[in-house]
Each structure stands twice: as structure tokens, then as C-alpha cells.
Amino acid sequence: MRYALIHSMDPDLAPATPEAFRADRAHAASWAGELDAAGVRLHGSRLHPDYATTVRVRDGRTLITDGPFAETKEQIAGYDVLECGSLDEAVRQAGRHPAPPIGTTEVRAFPAHAPGGRLTGPAEGKTRYLLLVVTDPSVDPAVFEDLPSVDAWVAETDGAGIRVFGSELEPPETARTVRERDASILVTDGPFAETKEQIAGFDLLDCADLDEVLEIAARHPMARGGILEVRPLWDGNER
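Conventions we followed
Residues numbered from 1 in each chain as written. Predicted model: local features only at pLDDT ≥ 70, side-chain atom pairs only at ≥ 80, totals over all residues. Heavy atoms only, no water. Phe/Tyr/Trp six-rings, centres within 6.5 Å; stacked < 30°, edge-to-face > 60°. Helix = DSSP H or I, 4+ residues; strand = E, 2+ residues; numbered from the N terminus. Buried < 20%, exposed > 50% of the residue type's maximum accessible area, 1.4 Å probe, protein only. Expected span 1.5 Å × (residues − 1). Arc of directions from axis to C-beta. Pairing = 2+ DSSP bridges. Salt bridge = Lys/Arg side-chain N within 4 Å of Asp/Glu carboxyl O.

Turning our eyes to something else, we now look at the packing of aromatic side chains. To describe a pair of aromatic rings, you give the distance between the ring centres and the angle between the ring planes. For the structure shown, the criterion picks out five aromatic pairs. Centre to centre, the rings of Phe-110 and Phe-165 are 5.8 Å apart; their planes meet at 85 degrees, and the pair counts as edge-to-face. Linking Phe-110 in the loop between β6 (103-109) and β7 (127-134) with Phe-165 in strand β8 (residues 163-168), this pair joins segments that are 55 residues apart in sequence. The buried category is assigned to Phe-165, whose relative accessible area is 4%. Where Phe-165 meets Phe-202, the ring centres are 5.7 Å apart and the plane angle is 40 degrees; that geometry is what we call tilted. Taken together, the residues span a long stretch of sequence, with Phe-165 in strand β8 and Phe-202 in strand β11 (residues 199-207) at a distance of 37 residues. Of the residues examined, Phe-202 reaches a relative accessible area of 3% and is grouped as buried. Linked through ring pairs, Tyr-79, Phe-110, Phe-165 and Phe-202 together constitute an aromatic cluster.

The next thing to look at is unusual backbone geometry. Positive phi, normally seen in glycine, also occurs at Asp-59, with a value near 55 degrees. Counting through the fold element by element, Asp-59 comes out in the loop between β3 (53-58) and β4 (61-66). Overall, Asp-59 belongs to the exposed group, its relative accessible area being 83%. The backbone of Asp-182 shows a phi angle near 55 degrees, a positive value even though the residue is not glycine.

Under the 1.5 Å per step criterion, the end-to-end length of helix α1 (residues 18-37) is 28 Å for 20 residues, consistent within 8% with the ideal 28 Å. Buried within α1 we find Phe-21, Asp-24, Ala-28, Trp-31, Ala-32 and Leu-35. Down the axis of α1, the buried set is contained in an arc of 95 degrees. They therefore lie on one face. Residues Glu-19, Arg-22, Ala-29 and Ala-37 are exposed on α1 and point more than 90 degrees away from its buried face. A positive backbone phi angle near 75 degrees is found at Gly-39, which sits one or two residues after α1.

For the rest of this paragraph, the subject is the pairing of strand β2 (residues 41-47). Counting buried positions along β2 yields six of seven residues, so the element is predominantly enclosed. One ladder, built from five bridges, connects β2 with strand β5 (residues 75-83); its direction is antiparallel. Bridge pairing in β5 links His-43 to Val-81. In this structure, β2 lies alongside strand β12 (residues 227-234), joined through two bridges in antiparallel fashion. Within β12, the residue paired with Leu-47 across the bridge is Leu-233.

All right, on to the pattern of salt bridges then. Within this structure, the stated rule accounts for 19 salt bridges. Among the ionic pairs, Arg-128 bridges to Asp-206, the shortest N-O distance being 2.7 Å. Of the two residues, Arg-128 is situated in strand β7 and Asp-206 in strand β11; the sequence distance between them amounts to 78 residues. The same class applies to Arg-128 and to Asp-206, which are both buried. Residues Glu-156 and Arg-219 are paired through a salt bridge, measuring 2.8 Å at the closest nitrogen-oxygen approach. One end of the pair, Glu-156, is in helix α4 (residues 151-159); the other, Arg-219, is in the loop between α5 (210-218) and β12, with 63 residues separating them in the sequence. A relative accessible area of 44% places Glu-156 in the partly exposed class. Assessed through its relative accessible area of 33%, Arg-219 is described here as partly exposed.

Listed below in C-alpha cells is the structure:
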């Protein structure tokens, strides 16, 4: 089974010095390298902490706002996709990641038909973006009855070489959230965010710039009834 690990950071617990930041980054690199070598980690990345853009389409108008979808203290800082034998194993690996001591890691299963395999980097001149597909509880459920299938959007972006990965996730009530506090690993049922909006899936898109990825996000059917958050991947070389 494949699992998404969605890492979130609490600014009150974040590394406070350049030395602590480098140590945190080295821990993450060691964790990723070990799981890469074992064939457990398929891909993953930090997300740039300073750039998040939210896209909605309402009444035919595209609404673009700066900032993430959830007004919570903890914000999504990165993701990984793991191939594990069970949810318990994915939770165990999440507990070894450096995120739980400074925030949380949400473990979510992919459906059986989700794509597998490793990913290469973006083509020259392209930037890779994470597109989070999020539910919007303020939207009348009747809206979703008239939404077109996502299949056409997927086929178009796949055919253009823009979409390199994507899948829905199993429902948020199946999630496990992993924290480490006072040297103890705490695992709770449900997603990390105490909000009604919840992540339903995500895609990875290779685009020339933010304008291109926002235009593609606005054409996603879920933009008309949900929320799409666009985040560039980040190699962590800046501080």
C-alpha cells in the first residue's frame, strides 16, 4: 500500500537558529536517504515556506488569494509518498521523521489504483508545484452534481507532460496524525488540522511559472466547488 505523509510545522517549535535548521535538514535528508535505499520512499519534498496561493472558482469568477487554505497555526511544510506493508508501518516511519517533534505528520492512505514508482526532477526551465485539492464545506453539495469529471483535466495535463503524479486520498477519517512531545510519540485518529476543510488529494505539476500553474489549477473541476492550494517545492537551500 502507498501512503502520503503530510508534514506540518508549528512555528513555536520550529528550529530557532541556523545551526538547528541545518541539523533538522540533515535529519530529514538521512531519513529520506535511508528509505530511498530501502525502496520505501517513492518521492517527496519540502514545500517553500513563503509561497502559497489559493485558487477558487465561484460564479464563473476565478478568485486567487495569497496564503494557504487553512487558517491554522500549523502549516503544511512538505510531503512524502511511501510504499509500506501496512498503516502501522507507515505510522512508524512517520514517527522517525523530524517533523513530529516540531509539528505533526498526517498519514493518509492512497487508493489501490494510485500510481507508484519514483519520479525524476522537473525538466529544464520548469518548476515543480504541489497542487492540494481541498474540500470546502461552505459550498452547497448540489454544486458537485454538476461538476465535470476530473478525467478530462487529468488526460489534458498528463498528455502535455505537466502532471507527473496525482491521486485522491482515502477519506480524512482514516488518517493518523503523529506528534512527538516530551520524547513520546503520540498517534491520534483523524487529520492534523482542526478545520472543516480537508485535503482530498494532490497533484504534482511541472510548469514554467506561477501564472501557468494557477491557470491550470483554475481549470481543475474541483476549483468550482473546492479549494486548490498551489505550493512550489523547495530544496531548502534558502533560510
